[in-house]
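# Coordinate analysis (summary)
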Amino acid sequence: MAAQETLSPRQIVVTGEGLVQAAPDMATLSIGVGHEAPSAAEAMAEVSATVQQVFTRLTELGVAQRDVQTASLRIDPIWRERNRSTPEEVPEIVGFRANNDLTIRLRDMAQLGAIIGVLIADGANRLSGIGFGVESPEVYLTEARRLAVVDAQARAALYAKAAGVELGPVLEIVEPNGGGMPGPMYARAESMSMASDVPVAAGEMTFSAQVRMTFAIAR
């Protein structure tokens, strides 16, 4: 039997990228209250009183209840530090540490620094970070995808012209990674001795999209 050659289709395959910058319009604040006391009940009572004050303050500041969630609630024993010279010493609990951590979604970026300062003044003494985001990410992802297609078309046209061929119709469009949601952006607090407004820089977020397009070569 005569061997048959399979000719590869005449194609141009390119990858286009699109990037969109956006200023965050919301923030997720991880803040909490921690206290130590001789008994677990005393430690939790102190924490609960302060957290209730934080809840009241958030309501006064216009933060909706649906935007406030308990992230962690725990009580841990505090052990007396053991003397290395007496390893046979029996471990002893000398107190308890209670923590109540909250996740708060803030939709008014203009009030972010002021709200942090007020909550700290009210007794919050645990701040683990701030995550920035946008309420409608799909808007920015859609624009990034459109720009990715425009970029791919421009690349294909450039390559076709440089190669002296005529670009044909689109044969395939593939989004390799499904679009790029920006990772969480965090600003961390190093000290809890802050009062009044806390300066916070939100910066910008980058939404990215990538598309692989296959074009036929007309001639």
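Rules used throughout
Residues numbered from 1 in each chain as written. Predicted model: local features only at pLDDT ≥ 70, side-chain atom pairs only at ≥ 80, totals over all residues. Heavy atoms only, no water. Salt bridge = Lys/Arg side-chain N within 4 Å of Asp/Glu carboxyl O. Helix = DSSP H or I, 4+ residues; strand = E, 2+ residues; numbered from the N terminus. Buried < 20%, exposed > 50% of the residue type's maximum accessible area, 1.4 Å probe, protein only. Pairing = 2+ DSSP bridges. Axes fitted to C-alpha atoms, helices over the stretch in contact; angles between N-to-C directions. Contact = heavy atoms within 4.5 Å.

We now examine the pattern of salt bridges. For the structure on display, the rule yields 13 salt bridges. As a salt-bridge pair, R80 and E92 come within 3.0 Å of each other at their nearest N and O atoms. Here R80 is found in the loop between β3 (68-79) and β4 (93-106), whereas its partner E92 is found in the loop between β3 and β4, with twelve residues between them in sequence. With a closest N to O distance of 3.0 Å, R155 and D151 form a salt bridge. A residue pair is termed a helical-turn pair when its members lie 3 or 4 positions apart in one helix, as R155 and D151 do in helix α3 (residues 137-163) at four residues. By relative accessible area, which is 32% here, R155 ends up partly exposed. Here the salt bridges do not stand alone but share partners, grouping D67, R105, R107 and E135 into one network.

Two modes of strand pairing occur in sheets, parallel and antiparallel, and in both the strands are linked by backbone hydrogen bonds. Read across the open sheet, the three strands follow the order β1-β8-β6; overall the sheet is antiparallel. Bordering the open sheet on either side are β1 (11-22) and β6 (167-174), each of which pairs with just one other strand. On average, adjacent strands in this sheet sit at an angle of 35 degrees to one another, irrespective of strand direction. Each of β1, β6 and β8 (205-217) touches α3; the most contacted strand, β1, lies at about 145 degrees to it.

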